[in-house]
Amino acid sequence: MHVPPIPHLTAEDPQLATLIEAEASRQHDKLRMIASENYVSEAVLEASSTVLTNKYSEGYAGKRYYEGQQLIDPIETLAIDRAKSLFGVDHANVQPYSGSPANLAVYLAFLQPGETVMGMALPMGGHLTHGWSVSATGKWFNSVRYAVNRETGRIDLDEVRDLALAERPKVIFCGGTAVPRTIDFPGFAAIAREVGAVLVADIAHIAGLIAGGAHPSPVGHADVITTTTHKTLRGPRGAMIMTTAEHATAIDKAVFPGLQGGPHNHTTAAIAVALREAATADFRAYAHQVVANAAALATALTEHGFALSSGGTDNHLILADLTSKGIAGKPAAQALDRAGIELNYNTVPYDTRKPFDPSGIRLGTAALTTRGLTEQHMPQVAAWMDETVTAALKDDEATIDRIAGEVRDLLAAFPMPGYRAA
Ligand SMILES: Cc1ncc(COP(=O)(O)O)c(C=O)c1O
C-alpha cells in the first residue's frame, strides 16, 4: 500500500490509483539500480503533496508579483538557508524546475547565442545540457567537447586544458551523468581561471555524496554549482543552483524572469525537508555506504567478468561494457528488468554501437542503499546479474523468473519508504 495512503484518489479515480499502487509495489519488489534514482522519505512525499501546490509565487522572497506570500517566503527562505549551510555556499536558488532548466539558466546568465561552451561529450559521460548537439545547448551555442582517455577511461586534464586554450570557452562544465570517477574540481578550476571561463560544476549525480562527505566538494573551486535534488541527494524532482556572491544576481535573473514563471512551492518545501535530512549523521553514513556498496559491487562484477569503464568506481555509479559477455546493453537491460534488476542501457566511451542500442549498462547503488543493503549483499547482486545475462543469451526465461523471485524474497526484508505490504 502506498504511504502516505491515497484513499481520496482511490475513491475518485480508481483507474489512476490502481496504477500508482502498482508502481509502489513494483518499486518495492525490484532491485532499483538506475543510477539517477532513489527512494525519498515519507516526509519528502508528504511535503510534495501539500496545498503549497495551490500557490503562485513569481519572484523571490520579499519581491513577489502575487499577494499572499506570508508563508511561502519563509518556506523558500528555509530551503535556501538549508542549502547554503549544507553545502557551504554564498547563495542558493531553489526554484529551477529540474536539472536541465537549471543548466539552461547558466547559459542565459553567462553566454550569448553562438558563444562557446565546453563540456564533456554525451557518449563520454557528459549530460545533454553540457552542449550536446541534439540539445538546445548544442544547437544555440558553439559547443566544444572533451572526452575521456581511451586507455584509462578517465578525464585527462591536459587534454581538457589544450582544448580550453584552443577554443577559449566562456563557460566550462564539469561533472556528468555517467562518470564513475571523482571529479577533479581544483584541476578544472585552474583551467577555467587560465582561460577566463566561468566554471560550472554539475553535481546532479553526486550531490548527496558531497553533502555526506563521500566525494570532494566543488565549493571554493567552481563559480556556479548546479544540481538536481532527486538523485543521491534523495529529495523531490527539482534542482538548485548555488553560486559565489559574485554571480548570485545573474543566476537569479536567469531563472526568473529569464526562463521560468512561478516556482513549484510544494517541491521547494520537499527540497527543504530533504536538505534537513541530508545534514544528519544518518545521511553521512548513508552517503559513505552508497560508495562502499558501489565499490563492493564493482569488485564482484569484475570477478564475474564484467568489463567496467575506467576499471571501477569512486562514487555510486558503475558503467559496464558488455561486449565481452556477448550481449548488447539493451537486451541485457531488458532481461535484467525481467529478473527484477532495474538499470539502463548506456553508451560506453568510444562505443562502436548506436546510442539507442549501445554496448553498455549503467547502474548505481543510491536506491538499494536507501533500502538498507550493504556490501555483504553485493556479491549476490553481481551473481544474479551474471546469471541473468547468461540466461538471456540462451532464452532461458525460467532462470530469469527464478531470479526475479529471489530478488523479491531478499527485498521483503528491507522496508521501502513510501510503501507498506498490505
Ligand atoms: C549531470 C546531470 N545534469 C543534469 C541532468 C538533468 O536533470 P533533469 O532530468 O532533472 O532535467 C541530469 C539528469 O540525469 C544529469 O545527470
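Just so we're clear, the structure is a prediction, and the values are computed from it rather than from any experiment.

### What to know about the side chain of Arg 234
Logical step 1: Mapped onto the secondary structure, Arg 234 falls in the loop between strand 9 (224-228) and strand 10 (239-243).
Logical step 2: Of the buried charged residues, Arg 234 lacks a salt bridge, with Glu 277 as the closest side chain of opposite charge at 5.2 Å.
Logical step 3: Reaching out from Arg 234, the side chain makes a polar contact with the side chain of Thr 370 at a distance of 3.1 Å.

### Topic: the layout of surface pockets
Logical step 1: By volume, the largest pocket amounts to about 900 Å³.
Logical step 2: Lining the largest pocket are 38 residues, and of these Gln 27, Arg 32, Asn 38, Val 40 and Arg 237 lie nearest its centre.
Logical step 3: For the lining of the largest pocket, the elements supplying multiple residues, two or more each, are helix 2 (14-29), helix 3 (42-48) and helix 5 (99-110).
Logical step 4: Looking at which element gives the most residues to the lining of the largest pocket, the answer is helix 2, with five residues.
Logical step 5: Residues of the lining of the largest pocket, tallied by class, amount to eleven nonpolar, 19 polar and eight charged.

### Things to note about the sheet that holds strand 12 (residues 317-321)
Logical step 1: Taken together, the four strands give an open sheet; going across it, the order is 11-12-15-14, and neighbouring strands pair in antiparallel fashion. With one partner strand each, in any of the chains shown, strand 11 (307-308) and strand 14 (344-346) form the two edges of the open sheet.
Logical step 2: In this sheet, strand 12 lies alongside strand 11 in antiparallel orientation, the contact comprising two bridges. Residue pairing in the sheet places Ala 307 in a bridge with Asp 321 of strand 12.

### As for the UniProt feature "domain: Serine hydroxymethyltransferase-like" (unreviewed entry) in the protein
Logical step 1: Those places that UniProt annotates as "domain: Serine hydroxymethyltransferase-like" (unreviewed entry) correspond, in this numbering, to residues 10-385.
Logical step 2: The span residues 10-385 is 42% helical and 15% strand by assignment, and the distance between its end C-alpha atoms comes to 37 Å.

### Structural notes on the site of the ligand
Logical step 1: Surrounding the ligand, one finds 13 residues, the nearest of these being Ser 98, Ser 100, Thr 177, Asp 202 and Lys 231.
Logical step 2: In the environment of the ligand, an oxygen atom lies 2.4 Å from a nitrogen or oxygen atom belonging to the side chain of Ser 98.
Logical step 3: Gly 99 places a main-chain nitrogen or oxygen 3.0 Å from an oxygen atom of the ligand.
Logical step 4: Summarising the interface, the protein chains cover 85% of the accessible area of the ligand, which totals 380 Å² for the free molecule.
Logical step 5: When each cavity is represented as a set of grid points, the ligand is found to reside in the largest pocket.
Logical step 6: A total of three residues in the shell around the ligand trace back to one element, the largest contributor, which is helix 5.
Logical step 7: Here the residues of the shell around the ligand sort into one nonpolar, ten polar and two charged.

### A few points about unusual backbone geometry
Logical step 1: A cis geometry characterises the amide bond from Val 3 onward to Pro 4, with omega recorded as 0 degrees.
Logical step 2: Positive phi, normally seen in glycine, also occurs at Arg 234, with a value near 65 degrees.
Logical step 3: Here Arg 234 falls in the buried class, since its relative accessible area comes to 17%.
Logical step 4: At Tyr 350, a residue that is not glycine, the phi angle is positive and equals roughly 60 degrees.
Logical step 5: Take Tyr 350: it is sitting in the loop between strand 14 and strand 15 (360-364).

### A closer look at the nonpolar core
Logical step 1: In this structure, Phe 87, Ile 172, Ile 203, Leu 233 and Met 240 are the most contacted members of the largest nonpolar core, which totals 52 residues.
Logical step 2: It is helix 8 (residues 185-195) that provides the largest number of residues to this core, a total of six residues.
Logical step 3: Viewed by domain, this core spans two of them, domain 1 (47-278) and domain 2 (289-411), each represented by three or more residues.
Logical step 4: When near neighbours in sequence (up to four residues on either side) are disregarded, Ile 203 contacts Phe 87, Phe 185, Ile 210, Pro 218, Ile 225, Thr 226, Thr 227 and Met 242.

Here is what the cut-offs are and how they apply
Residues numbered from 1 in each chain as written. Predicted model: local features only at pLDDT ≥ 70, side-chain atom pairs only at ≥ 80, totals over all residues. Heavy atoms only, no water. Helix = DSSP H or I, 4+ residues; strand = E, 2+ residues; numbered from the N terminus. Buried < 20%, exposed > 50% of the residue type's maximum accessible area, 1.4 Å probe, protein only. Lys, Arg positive; Asp, Glu negative; His and termini not counted. Salt bridge = Lys/Arg side-chain N within 4 Å of Asp/Glu carboxyl O. Polar contact = N/O pair within 3.5 Å; in protein donor to acceptor, adjacent residues only side chain to side chain. 1 Å grid on protein atoms, 1.4 Å probe; cavity = no way out; pocket = protein on both sides within 12 Å on 5 of 7 lines; lining within 4 Å. Points joined across faces, edges and corners; volume = space filled by probe spheres on them. Nonpolar A, V, L, I, M, F, W, Y, C, P; charged D, E, K, R; others polar. Pairing = 2+ DSSP bridges. UniProt positions renumbered as here; feature names shortened; annotations may be inferred. Near = heavy atom within 4 Å. Areas by Shrake-Rupley, 256 points an atom, 1.4 Å probe, with all protein chains shown as cover. Sits in = over half its atoms within 2 Å of the grid points. Core = buried A, V, L, I, M, F, W, Y, C linked by side-chain atoms within 4.5 Å. Domains from an automatic or database assignment. Contact = heavy atoms within 4.5 Å.

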